[in-house]
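# Structural description and commentary
Spelled out from the first residue to the last, the chains are:
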Amino acid sequence: MLMSTFSIHMPSSLLPHLAQWNQHGARFVSALSVLTASLLALHGAEPGSSVPASESRFLSGARQLTFEGRRAGEGYFSADGRKLIFQSERDPGNPFFQIFILDLDTGDSRRVSLGKGKTTCAWFHPSGDRVLFASTHEDPEAEEKQRVELEERASGRQRRYSWDYDEHYDIFEASPDGSQIRNLTTTKGYDAEGAYSPDGKSIVFASNREAYLRPLSPNDRQRFETDPAYFIDLYLMRSDGSDLRRLTNAPGYDGGPFFSADGRRICWRRFNEDGDKAEIWTMSADGTGHRQVTTLNALSWAPFFHPSGDYLIFATNLHGFDNFELYLVDVLGRRDPLRVTHTPGFDGLPAFSPDGKQLTWTSNRTSDTTSQIYLAGWNHNAARNALGLNRPDVVPATVIGTQPAPGFESTNDAITEEDLRQHLTWLASEQTQGRLTGTEGERLATEYVAGVFRGIGLETAGDDGSFFQNFEFTAGVALGDSNALQTHRGEQSQGFEVQRDWLPLAFSETGTIEPAGIVFAGYGLDIPEQEGEGGKPQEAYTSYAHLDVADQWALVFRYMPEDIPSETRQRFARYSSLRYKAMVARDKGARGLIVVSGPASKVKSELVPLQFDASLATSGIPAVSINDRFAAELLGPGKNLAELQKTLDSGQLMQGFPLPGVTLSAHIDIQAERRSGRNVIARLPGPETAGSAPAVAVGAHVDHLGDQAGSNSRATGEDAATIHFGADDNASGVAALLEIAQFLAAEKREGRFQPQRDLLFAAWSGEELGLLGSTHFALKIAESLGGPESPIDSRIGAYLNMDMIGRLDRSLVLQGLSSGDGWRRLIERCNVVVGIPLVLQGDPYAPTDSTAFYPRGVPVLNAFTGSHEEYHTPRDTVDLINFPGTHKVARFMSLMAQKLAESETGPVYRRVGREQNPGPRAHLRAYLGTVPNYAQKDGLAGVELSGVAAGGPADEAGVRAGDIIVGLAGRQVANIYDYTYAIEALKIGDAADIVVKRGEEELKLTIFPGSRE
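Quantities reported herein were computed from a predicted structural model and do not represent experimental measurements.

Cut-offs used in this document
Residues numbered from 1 in each chain as written. Predicted model: local features only at pLDDT ≥ 70, side-chain atom pairs only at ≥ 80, totals over all residues. Heavy atoms only, no water. Helix = DSSP H or I, 4+ residues; strand = E, 2+ residues; numbered from the N terminus. Contact = heavy atoms within 4.5 Å. Areas by Shrake-Rupley, 256 points an atom, 1.4 Å probe, with all protein chains shown as cover. Pairing = 2+ DSSP bridges. pLDDT = per-residue confidence, 0-100. Core = buried A, V, L, I, M, F, W, Y, C linked by side-chain atoms within 4.5 Å. Buried < 20%, exposed > 50% of the residue type's maximum accessible area, 1.4 Å probe, protein only. Polar contact = N/O pair within 3.5 Å; in protein donor to acceptor, adjacent residues only side chain to side chain. Arc of directions from axis to C-beta. Axes fitted to C-alpha atoms, helices over the stretch in contact; angles between N-to-C directions. Parallel < 35°, antiparallel > 145°, perpendicular 65-115°, else oblique. Nonpolar A, V, L, I, M, F, W, Y, C, P; charged D, E, K, R; others polar. Left-handed = near helix turned anticlockwise from the far one by under 90°. Phe/Tyr/Trp six-rings, centres within 6.5 Å; stacked < 30°, edge-to-face > 60°. Lys NZ or Arg CZ within 6 Å of the ring centre and 35° of its normal. Salt bridge = Lys/Arg side-chain N within 4 Å of Asp/Glu carboxyl O.

From N to C terminus, the protein includes 17 helices and 57 strands. Counting only contacts in the protein whose residues sit at least 6 apart along the sequence, the fraction spanning at least 24 positions is 67%. In the structure as shown, the protein presents an accessible area of about 39600 Å², 46% of it carried by carbon and sulfur atoms.

Turning our eyes to something else, we now look at the sheet that holds strand β10 (residues 170-174). Strand order across the open sheet formed by four strands is β8-β9-β10-β11, with antiparallel pairing between neighbours. Only two strands of the sheet have a single neighbouring strand rather than two, namely β8 (119-124) and β11 (182-183). Pairing of β10 with β11, which is carried by two bridges, proceeds in the antiparallel orientation. Counterpart to Glu173 in the pairing with β11 is Arg182.

On to the confidence of the model for the protein, then. Scored by pLDDT, the protein comes out at a mean of 85, with 87% of its residues at no less than 70. Within the protein, helix α1 (residues 32-39) has the poorest average pLDDT of any element, 30, and strand β43 (residues 759-764) the best, 98. Note that pLDDT drops below 50 for residues 1-50; the model gives that stretch 201 contacts with residues more than four away or on any other chain.

With that out of the way, let us pick up the nonpolar core. Core analysis: the biggest nonpolar cluster contains 84 residues, and Leu328 and Trp378 have the highest contact counts within it. Within the second largest apolar cluster, 69 residues are counted, among which are Ile456, Ala735, Phe761 and Ala890.

Of all six residues in strand β14 (residues 233-238), five are buried; the element is thus mostly enclosed. Pairing geometry for β14 and strand β15 (residues 245-246), over two bridges, is antiparallel. Of the residues in β15, the one forming a bridge with Leu236 is Arg245. In this structure, the hairpin formed by β14 and β15 is closed by a connection of six residues, where Gly241 is found at a positive phi of approximately 90°.

On the secondary structure map, Arg291 appears in strand β19 (residues 291-292). Polar contacts involving the side chain of Arg291 include one to the side chain of Glu447, which spans 3.1 Å.

The subject of this paragraph is the sheet that holds strand β21 (residues 311-316). An order of β20-β21-β22-β23 is seen for the four strands of this open sheet, with the pairing classed as antiparallel. The open sheet has two edge strands with one neighbour each: β20 (300-305) and β23 (338-339). Across six bridges, the pairing between β21 and strand β22 (residues 325-330) is antiparallel. Counterpart to Ala315 in the pairing with β22 is Leu326.

Listed as buried for helix α6 (residues 417-427) are Asp419, Leu420, His423, Leu424, Trp426 and Leu427. Considered in projection along α6, the buried side chains sweep an arc of 165° and stay on one side of the axis. Buried-residue contacts for α6 involve α7 (440-455), α12 (727-749) and α15 (883-902).

Once that is clear, we can look at the packing of α6 against α7. Two elements in contact, α6 and α7, have axes separated by 10 Å at closest approach and are oriented at 155°. Put simply, α6 runs roughly antiparallel to α7. Across from Gln422, His423, Trp426 and Leu427 in α6, the residues of α7 making contact are Leu444, Ala445, Tyr448 and Val452. Split into classes, the residues belonging to the contact of α6 with α7 amount to six nonpolar, two polar and no charged.

Attention now goes to the environment of Asp286. On the secondary structure map, Asp286 appears in the loop between β18 (278-284) and β19. Considering only alpha carbons, one finds Asp286 and Gly465, 179 residues apart in sequence, at a separation of 9.0 Å.

Glancing now at the pairing of strand β16 (residues 254-259). It is a general feature of regular strands that their side chains alternate between the two faces of the sheet. Most of β16 is tucked away, with six of its six residues classed as buried. Sheet analysis places β16 next to strand β17 (residues 265-271), joined by four bridges and oriented antiparallel. Across the sheet, Asp254 pairs through a bridge with Arg270, a residue of β17. Where β16 folds back onto β17 in an antiparallel hairpin, the turn is made up of five residues, including Gly263, whose phi is positive at roughly 80°.

Right, let's get into the packing of α7 against α12. It is the contact of α7 with α12, at a shortest axis distance of 10 Å, that shows an interaxial angle of 15°. It follows that α7 is roughly parallel to α12 by the angle criterion. Regarding α7 and α12, the two cross each other, and that crossing is right-handed. Packed against α7, whose contacting residues are Tyr448, Val449, Val452 and Phe453, the element α12 presents Val734, Leu737, Leu738 and Ala741 at the interface. Taken together, the residues of the contact of α7 with α12 sort by class into eight nonpolar, no polar and no charged.

Moving on to the environment of Ile976. Take Ile976: it is sitting in helix α17 (residues 976-984). Overall, the relative accessible area of 22% leaves Ile976 in the partly exposed class. Expressed as a C-alpha distance, the spacing of Ile976 and Gly942, which sit 34 residues apart in the sequence, is 7.4 Å.

A word on the packing of aromatic side chains. One pass over the full model with this rule turns up 41 aromatic pairs. One aromatic cluster is present, built from ring pairs that chain together Tyr165, Tyr169, Tyr190, Tyr253 and Phe271. For Arg270, the ring lying beneath its charged end belongs to Trp281, and the centroid distance is 4.5 Å. Taking the ring centre of Tyr374 as reference, the NZ or CZ of Arg365 above it sits at 5.9 Å.

Glancing now at the side chain of Arg678. Assignment of secondary structure puts Arg678 in strand β41 (residues 670-684). Assessed through its relative accessible area of 5%, Arg678 is described here as buried. Among the polar contacts listed, one links the side chain of Arg678 to the side chain of Thr446, at a separation of 2.8 Å. If near-sequence neighbours (up to four positions away) are discounted, Arg678 is found in contact with His290, Arg291, Glu442, Arg443, Thr446, Glu447, Phe468, Gln469, Asn470, Phe471 and Ser765.

In this section: the pattern of salt bridges. One pass over the full model with this rule turns up 49 salt bridges. Salt-bridge contacts for Glu151 lead to Arg147; the nearest nitrogen and oxygen are separated by 2.5 Å. Here Arg147 and Glu151 lie together in helix α2 (residues 142-155), a separation of four residues that amounts to about one turn. Residue Glu151 is classed as partly exposed on the basis of its relative accessible area of 46%. Arg749 serves as the salt-bridge partner of Asp413, at 3.3 Å between the closest nitrogen and oxygen. Taken together, the residues span a long stretch of sequence, with Asp413 in the loop between α5 (380-386) and α6 and Arg749 in helix α12 at a distance of 336 residues. The partly exposed category is assigned to Asp413, whose relative accessible area is 36%. Within this structure, Arg291, Glu440, Arg443, Glu447 and Arg678 form a network of salt bridges that share partners.

Right, let's talk about unusual backbone geometry for a bit. Following Asp729, the chain continues into Asn730 via a peptide bond in cis, with omega recorded as 0°. Structurally, the position occupied by Asn730 is in helix α12.

In this section: the environment of His380. For His380, the location among the structural elements is in helix α5. Taking the relative accessible area as the measure of exposure, His380 reaches 24% and is therefore partly exposed. Measuring from C-alpha to C-alpha, the distance between His380 and Phe58 comes to 7.5 Å, with 322 residues separating the pair along the chain. When sequence neighbours within four positions are dropped, the list of residues in contact with His380 reads His306, Ser308, Asp310 and Tyr311. Separated by 2.8 Å, the side chains of His380 and Tyr311 make a polar contact.

Have a look at this one:
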C-alpha cells in the first residue's frame, strides 16, 4: 500500500539499513538515504513539467492531478471513467492515508473513509453504488497510533517508517459517501489490496491470515515475527465476503492483484523468498494457469491490465535501486518488456481508464518532490506496435489462456480427423517454436492443452488446484563473472582472457585451483587391450605410459589421432570424448585437464564451446579449453605443437613429458541455468463412491526439441538451428490425447460411459530431456506413499501412453505387453471394433514416458507407429501426418481407456527383465538392468536409479530403486557418463563390484553382467 513515507519491505537482516514501502500489490526496497533523498525527491526533472520527450512515445498531455496534502497515490477509475478513488494524507488530525473520491467532471473531492486509523487500496464497484478499501479503524488502539505518529512528526525527529502489515487491516465496503460501511473480512490478520471483479460478484485480495489460523513451526514463527509479508497470499471471495478460496500458496509475498477487463485473468506480483526481488505473474480467474510474464531479476511490481487484455503496465527498478520506471509487457511475456517513463525518481502504481485512453500513476516528479497522482493520454496503438502485437502472425493473447483454446469451440465431441488436424497444427506451429521444455513455446503449448481440458469440463489435477504440475531442471550453463586463469614462471605471472584465450568446459569442477605443474599427455587416451574380429587381439593404447600426472594439469589434444585406419578410429571413438578423457585424468590423480584442438584438427573454433549436455554433475576435476597459441606458449621453445600432433596422428605412441618451469592456476565460475517445465494433468472423475480402485492414466509428451535442438537433433548444418516442429514426435500423441479426453467426457455426460474409477489425462513435458515430467509425477506419488522406490499401483492402476502415432504405415506397435497379464485380452476386444493392424512387443522398458511408471508397479502400454527419416529433424511437419491412421489409433486407445475405466480391475502387474533383443536402443553390450533417473538433483554425485528390471543382474545383486550408484568395477561413478564408460569395460558373466548409496549407508554388492545381444 502507499503508506505514509512510501515504505519498502526487505528481509529482516537489512531492516536496520532500509526503509520500507508497501503499495497496493507492491513491496520494494530503498535505503534510508534513498528514502529521504530519492523516493521523496525529484532527480533531474523540471518542476511541474509534463512528460519529457523521451516519454511521448506512449504518453501525451501529462499533468499533475492531485496537489493537496502531504502526498497522494493509488488512483483508480470508476467504471464510467468519471471518478477517481485514491488515498491521500490530507486530514490534519490523521497522519495516515485516508480514502477520497475525486469527481473528474467537477474537480470536487470528498473523503470516503472514516478518518480514523490507516486506510489503503480502494476500488469502485462496477455499479458505482459502493466502494471497498482496507482500513484499521476497528483497531482499539487506532487513535493512539495516530497520536504517537503526529508527535513524532512534530518533534522533527527522523525515523525509519516501516509498514507493519497491521493485523487489524480488514477490507470494508461502503457507499460512495462513506455511509453503510461493512467489514467483509473479520478474520485476524492483514487483509488488504482488494479489487472487485468486472461483474462485481467477486473480490480478489491479499492476506496473511493463514499464519494466524494454523500452528507455526519454530522457524516459521521466527520468520513471521520479523517478516509477516512472507506469509501473504492471494484469496478470492464473493463480494459479500462469503465463499473464500485461496489462490496462491508459494513461498514469499504474493500481492497487488487486479482482474483483467473481461474478468478472465488476474495479474499480481510475486516476491522471492528473500523479499528483495519480484516478478509479474498472471493466472486464470479460477486460480489455475499461473504464468510468470517477466524475468527481469529486479523489483517489478504493481501490474495493471490494459482493457484490451493485450498487455500489462507495471513498475520496476531495473535501472537503479531507487529509480522506479513504468514498463509494458504483453500478457504472455513473449517479448522483453518495454520502457514507458524516463524520469529519475519514482514512477509507479499505474492504472488505465476503462476505455484504455488514459493512464494515471503516482510520481514524485512534482515541483516540491512530494508524490502525487498524474494523468496522461495513452497511445494504445503505439503500445501494440512496440510490443509486436500488430503482426499478423501473432496469435492474440485473448485466445490463449483466457478461452478454452484457439478455435476450440468448433471441435466435435467425437474423435475426428478435422479436430486432430486442428490440435496438431497448433501444437506443431511456428508459434510454439518446437515446444522445448522450459521455453515460451512449451508454455504456449501447455496453456493450449490446459485450455482444452478446461473447455471440456475436466477437473484440475495439478498443483494448487490448477491443471499444471511444475518441475525444475537444469537447462543450460553460462560463464560466471569471476573466471580467471594465469600461468606462473618464477616470480612472473601472466593472465589470459576468458572466451578469447580459454574457456572452461561445461562439466568442469568449479572454484579456485591453486598453481600446479603441467604434463603433456598426447591425446589423453587410455584404451584397454580388446578382442577384435576373429578373436584377433587389439593392442592397448595409452597416452599415460610411464607418465606421472598426479596433482598436475594434463594437457591433451581434443579429439583422437586423425590418420589411423577406419576400424581403429571406430574403436578409439568410444574413448575420445572429452568427458571420458577427464574421467581418465581424474582417475590417474591429475589436478585438472587442459584441452587444445591443435592446428591439424581444422575446427571452426579452437575453443570448445560452453554447451550444456544434460548432465547434472561435474566430471570431478577442473577442465578447460585453450587455443593453439596459448598451448604453444605453454610448451615453450624446443617443442612444436604442430609437430607433436603430426607424430601422434600417425597412430605412433609417444611418451608424454612434463613442461618445465611453468605452473597454472585458475578460478572457474560456471553458472547452471535452472528452468521450470510443467506437465498438464486433468481428471475425469468416476462415481462419487469410487476411491478404492486406482485411476487409469492416459498420457503423451507435449515437449520437443525447440529451435536450437542441440545434440538430440539428427539434423545437420544450418537445419540443426531451425525449428524442430515435432508433428509426429509428439504433437500427434497430444492431439489424440485431447480428442480422447473430449470424447470420453462427452460420453460420460450423455450417460453412455460410466467409469468405475478416475481417468487421468496428462501431457508430460521434459520427455526429450530424460522423462523429466512423468518421472516427477511418479516420484511425487511414490514419496507420498513412503519413499522413491514405493510402488504406486494403489494410485495408478494402468497407464496408456502415445508417443509418435502420426505416421501409421503398416501397423501400430504396442509396447509393454509383458508388463501385465490381461493386456492381450483387452487389446483383442477393442481392436475388433477398430480393426487396425497390430504388432505386439513385450518389452515394458520403451524409451518413453511409460518407463516412468512400469518400475513402480504399474502395467503400461505404449502406442507407436514407428520411426522415420524425419525423426528429430525440422522435417517432422504436419503435412507428413497420416490423419486417417492417427484417427484409427486415437479411436483404439480411447476404447482401451474406456474399458479399463469401466472395470475396477485391469491388467495384473508382472515383473519382468528386459527381453533378450532390445533392438536399436541398445548401445552397450553388457546389460545390468538399471533405469537411471535423469531428473536427479543438481550436484548429486553418482547415478540415482528410478527402477531396476525384475530378474536382471542388478536385481539379482540386490540393487534397488532409489539407490545411487557411486562405483562400478573399481571405477568412481560421479555421473551417467562415468556409469556408461564403466559398463563398457565389463566382461559378460564375470563378477564385478557395484557400490551404491542407500540413504546414509554405502553398500558394496557383486553383480554379474548379462548380454544385450
